[in-house]
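In case you want the letters, here they are:
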Amino acid sequence: MTDQSSIKLPEASRRRFLQGAGATSLGLVVGFHWLPRTALAQAKAAGEPQMMNAFIRIAPDNTVTVLSKHLEMGQGVYTGLSTIVAEELDADWSQMRAEGAPADAKTYANLAFGMQGTGGSTAIANSYDQLRKAGATARAMLVAAAAEQWKVPAQDITVSKGVVSHAGSGRKASFGQLAAKAATMTPPAEVPLKDPAKFVYIGKKVARIDSRAKGNGTAQYTIDVKLPGMLTALLQRAPQFGATVKSFDAGKAKAVPGVVDVVQISNGVAVVAKNFWSAKLGREALTVEWDDAAAEKRGSDQILAEYKELAKKPGLPARKEGNVDEAFAKAAKIIEASYDFPYLAHAPMEPLDVVVKLDTQGADIRGCEIWAGDQFQTPDQMNAARVLGLKPEQVKINTLFAGGSFGRRATTMSDYIVEGAEIAKAIGAKEGTRGAPVKLMWTREDDIQGGRYRPMYHHVLKAGVDAQGNITAWQHRIVGQSIIAGTPFEQVMVKDGIDATSVEGAANLPYAIPNMSVELHTTRTGVTVLWWRSVGSTHTAFATEVFLDEIAAATGQDPVALRRKLLTRHPRHLGVLNLAAEKAGWGKPLPAGRLRGIAVHESFSSYVAEVAEVSLKPDGSWKVEKIVAAVDCGQPINPDIIRAQVESGIGFGLSATIKPGISLSNGTVEQSNFHDYEVLRIHEMPQVEVHIVPSREKPTGIGEPGTPPVAPAVANALMSGTKQVYRALPLPATATKSA
Amino acid sequence: MAIKFTLNGKPVSLDVDPDMPLLWAVRDEIGLTGSKFGCGMAQCGACTMHVEGQPVRACSTPLSAIEGQKVTTIEGLGGKVAQAVQAAWVKHEVAQCGYCQSGQIMSAVALLSDNKKPSDAEIDEAMQGNICRCATYVRIRAAIHDAAKTVRA
Ligand code: FES
Ligand code: FES
């Protein structure tokens, strides 16, 4: 296991990392780091690509490459970030390219984290000002270069669609032609930014920068990296969380043709081979005896039973207003419900993988190069450096496309990176394999059983209502594991025992209720947990929004009308609620056998309401036919990508709405691959309609916020038609209709 | 004994474990990496290739089973149907992480090669074996309908 105490993130990250859904704006301090002049001064014969600044490179062939400090794992950041640059640069869209920036926290920190990393739907939000400025500055340098070359005043020069022109003299030049000279210009300290009314790319549809490569097999993922002499490793990990290697017999594994070595590392025993197939056969032939003394041996049923017991007692306060006990005593009616959520695996399509190449001299390790769909470059660099006895800057990270992540690749433990580095170090210590690059691959079984799940949660809610149906008191008790405890983020994100990610979406419930108590019991199990697309909101949105519909039903109120009444002080929640309700025809009669349900939820400072339309057959079987979503994520950068992300977020959330999660028996995960850890397939995908609220507010994230409302909207639809309650995910495949 | 087959129109001969799945033979031995690994047990479709024009899960097809046959991967796609499908994929901006998309496209091309006007139900049937964790299904469906129109034109 990685020793967390040894990584220290930069001071700035102690501020408000993923500061939680509750924040209304990221409140970023925009830092802007130019490449040191020496780096610019190096080289640069006219035939070479020129760095205009840390984010923009212009080549003689007139391509403009944006160095993306954010991982492209599907959310369209390469396109979104390039859009911002192209806008201020006045580039032509066809000349734009993007690639992963190197690992360098000083230059490429996520300004919301204070370290380099992607997550929390922050990519656009934290880059918007920074890249506008980078683009505008590079444009000013191109203009200055043209002015000098043509001996005309800079203010007479115009730039449009990648062409720099001087009307008076009729001169024109491409960015590529001017880049070499422009790179030597002093960047202006202040540059004017465009008036948003003049935007030509931002807010419009531009073609995704990565579509073509991803449609013809040429897009490069970590799994595709091939280096001379590269070996492939598979790691046999313990069957229970916390178990360790007692002994192993590598005899049969080593006899498999193609197997080169078998090495023990802290997380298990690795079989290193010439190719994947040999490594797989080798691993199957390996026998390992495990020491389970420290292992988690409980089953998930037992853990849940313990959570339910715990929920009977008050937890630590996450929010306290008024006096719920007094209000309950006076209430005309008390409504109570509890909700359960299983562990969930992220299961990105590309299982975790990393390529590690050591630079060795004799037995000494001089440096290290890593290829990965790297989501947390700063901790990954630090952890790899620690394993290898290097300084972080001696670890070079090449960030490639990632075949999905949904949070899985963002761990401060750097689990798969550390495994790769340890294996590289172990084989590097031996003469025959010294310096050989190694690709560590996780199989799907490794992925499903490998932990770092969305934690299991149990919620208990209690509301008091008066005779008029007003909610007078709301008590919400949450029981589950902390994602943050034991990580370097603990200091900032766990306050007075409350992990902000355990209660986000609940502690900041927007509804106007005079007496409110939100409490948390943080539990410990050996099962490793992690953020999963939309983090705390994956369970808090369901518990709060379904409970609200239960209250609406118990008090004879329309779910939309009740929400409107409770959201008068939250215009952005109200805006999406009304838009979704209107577009879905809320209140209009539905065909027989069709049901509607709604949910509204803010996460990562973006507001989303979804109306689910569900068909219910007389035998109780049901299907989600359509989701109408309304989103407010501030200034839309690329509406088509926003739509795509909402579609994707809905599909991801719906998967966990209808498919079972991860369960454990005696500490062992019971699922192993897509046959028993099922995920949403095409026939289960509803139609999706996405409506975007026009806005000039600062842009906020969209990778995650589409996910939380879908499960409660679907449950609420079923509840409306069956008069049954749905208090656990996944929802039952058959909804029983009351007589 | 070497196993011989045709890959993207070129003869190949591989002297490897005949049980080695076609996917790993093509990726690791031949070096074509457009076909992906997602599950290794015919559950996800990321590895989909065409063998004699039919979509197969290459992760679960031993090399010995394709002796003498014609294999096509995403890299070897060509012709009217493939062009229509790949153009529709770009037009509808289907790909997100993109990792499943080689497999999706291979399945879609196989579908449209047999059926120039698939219904939604037929698309569901043909594409159900291809998982997309980014849930790009809405656009996959739209792109297939669109490509079908081009193919019919
Ligand atoms: S990798 Fe072949 S079907 Fe999943
Ligand atoms: S595009 Fe990511 S899995 Fe399909």
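Per-chain numbering applies: the sequence of each chain, read as written, is numbered from 1 onward. Written order determines the labels here, with chains lettered from A and ligands numbered from 1. The model is predicted, so local features are restricted to residues of pLDDT at least 70 and side-chain atom pairs to those at 80 or more, both for listing and for counting; the totals for chains, interfaces and linings are taken over all residues. Derived side-chain values reflect all non-hydrogen atoms in the structure, with water molecules and hydrogen atoms excluded from consideration.

Asker: Let's hear about the nonpolar core: which residues, and what values?
Answerer: For this analysis, a nonpolar core means a set of buried residues of the types Ala, Val, Leu, Ile, Met, Phe, Trp, Tyr and Cys, connected via side-chain atoms within 4.5 Å. Only protein chains enter the area calculation, which uses a 1.4 Å probe; residues under 20% of their type maximum are buried, those over 50% are exposed, and those in between are partly exposed. Ranked by internal contacts, the top residues of the largest apolar core, which has 253 residues, are A:Y343, B:F5 and B:L22. Runs of E in the DSSP output that reach at least two residues are strands. Runs of H or I that reach at least four are helices, and both are numbered from the N terminus. The biggest single contributor to this core is helix α4 (residues 123–150) of chain A, with 13 residues. Excluding residues that lie within four positions of it along the chain, B:F5 makes contacts with B:K10, B:P11, B:V12, B:L14, B:L22, B:I30, B:L63, B:I66, B:G68, B:Q69 and B:V71. Throughout, a residue-residue contact means that at least one pair of heavy atoms, one from each residue, lies within 4.5 Å.

Asker: Please give an account of the side chain of A:D640 that cites residues and values.
Answerer: With respect to the secondary-structure elements, A:D640 resides in helix α18 (residues 639–658). Polar contacts here mean pairs of N or O atoms no more than 3.5 Å apart (in protein, one a potential hydrogen donor and the other a potential acceptor; neighbouring residues in sequence count only if both atoms are side-chain atoms). At 3.1 Å, the side chain of A:D640 and the side chain of B:R139 are in polar contact. Setting aside residues up to four positions removed in sequence, A:D640 forms contacts with A:K205, B:E93 and B:R139.

Asker: Go over the packing of aromatic side chains with me, naming the residues and quoting the values.
Answerer: Note on ring pairs: Phe, Tyr and Trp rings are taken, using the six-membered ring of Trp, and paired if centres are within 6.5 Å. Classes follow the plane angle, with under 30 degrees stacked, over 60 edge-to-face and the rest tilted. Taken as a whole and judged by the stated rule, the model has 19 aromatic pairs over all chains. Where A:Y339 meets A:F542, the ring centres are 6.1 Å apart and the plane angle is 80°; that geometry is what we call edge-to-face. Residue A:Y339 is found in strand β14 (residues 333–341), and its partner A:F542 is found in helix α15 (residues 537–554); the two are separated by 203 residues along the sequence. Judged by relative accessible area, A:F542 falls into the buried class, the value being 0%. Their ring planes at 50° and their centres at 5.2 Å tell us that B:W24 and B:F37 sit as a pair that is tilted.

Asker: A description of the domain arrangement of chain B should follow, citing residues and the corresponding values.
Answerer: Residue and element names in this part refer to chain B. Delimitation of the domains relies on an automatic or database domain assignment. When cut into domains, chain B gives domain 1 (3–76) and domain 2 (80–152). Distance between the C-alpha centres of domain 1 and domain 2: 21 Å. Taken together, the contact between domain 1 and domain 2 spans 16 residues of the former and 12 residues of the latter. Interface of domain 1 and domain 2: buried area, both sides summed, is about 1,100 Å²; carbon and sulfur atoms make up 57% of it. Across the contact surface, domain 1 and domain 2 share 6 residue pairs in polar contact (both at pLDDT 80 or more). Of all elements in the fold, only β3 (48–51) and β4 (54–57) reach the threshold of two or more residues within the side of domain 1 that touches domain 2. Amino acids are sorted into nonpolar (Ala, Val, Leu, Ile, Met, Phe, Trp, Tyr, Cys and Pro), charged (Asp, Glu, Lys and Arg) and polar (every other residue, Gly among them). Classifying every residue of the side of domain 1 that touches domain 2 by side-chain character gives 6 nonpolar, 8 polar and 2 charged. Two parts placed together each lose some accessible area under a 1.4 Å probe, and the buried area is that loss summed for both.

Asker: Talk me through the interface of chain B and chain A; I want residue IDs and the actual numbers.
Answerer: Listed by partner, the interface residues are 47 residues for chain B and 60 residues for chain A. Summing both sides of the interface, chain B and chain A together bury roughly 4,400 Å²; the carbon and sulfur share of this comes to 57%. The largest contributions to the chain B side of the interface with chain A come from B:E93, B:Q96 and B:R133, which together make up 19% of the buried area. Salt-bridge detection follows one rule: a side-chain nitrogen of Lys or Arg within 4 Å of a carboxyl oxygen of Asp or Glu. At the surface where chain B touches chain A, the tally comes to 4 salt bridges. One salt bridge in this structure joins A:D640 and B:R139, with 3.1 Å as the shortest N-O distance.

Asker: Report on the environment of B:S60, specifying residues and quantitative values.
Answerer: Residues and elements named next belong to chain B. With respect to the secondary-structure elements, S60 resides in the loop between β4 and β5 (70–72). Taking relative accessible area as the criterion, S60 reaches 37% and is therefore assigned partly exposed. The spatial distance from the C-alpha of S60 to the C-alpha of Q43 is 9.6 Å, given a sequence separation of 17 residues. Here S60 is in contact with G40, M41 and A42, once residues within four sequence places are set aside. Polar side-chain contacts of S60 include one of 3.2 Å to the backbone nitrogen of A42.

Asker: Can you explain the sheet that holds β14(A)? Please cite residues and give values.
Answerer: Remark on secondary structure: sheet strands pair via backbone hydrogen bonds, oriented parallel or antiparallel. All names here are of chain A. By definition, two strands form a pair when at least two bridges between them are found by DSSP. Strand order in the open sheet made by the 5 strands is β13-β23-β20-β19-β14, with mixed pairing throughout. The sheet is open, and its two borders are formed by β13 (316–321) and β14, each paired with just one other strand. Within this sheet the neighbouring strands show an average axis-to-axis angle of 10°, counted without direction. In the sheet, β13 pairs with strand β23 (residues 515–523) via 5 bridges, with the strands oriented antiparallel. Here the axes come from fitting lines to C-alpha atoms, over the contacting stretch only for helices, and the angles between their N-to-C directions go from 0 to 180 degrees.

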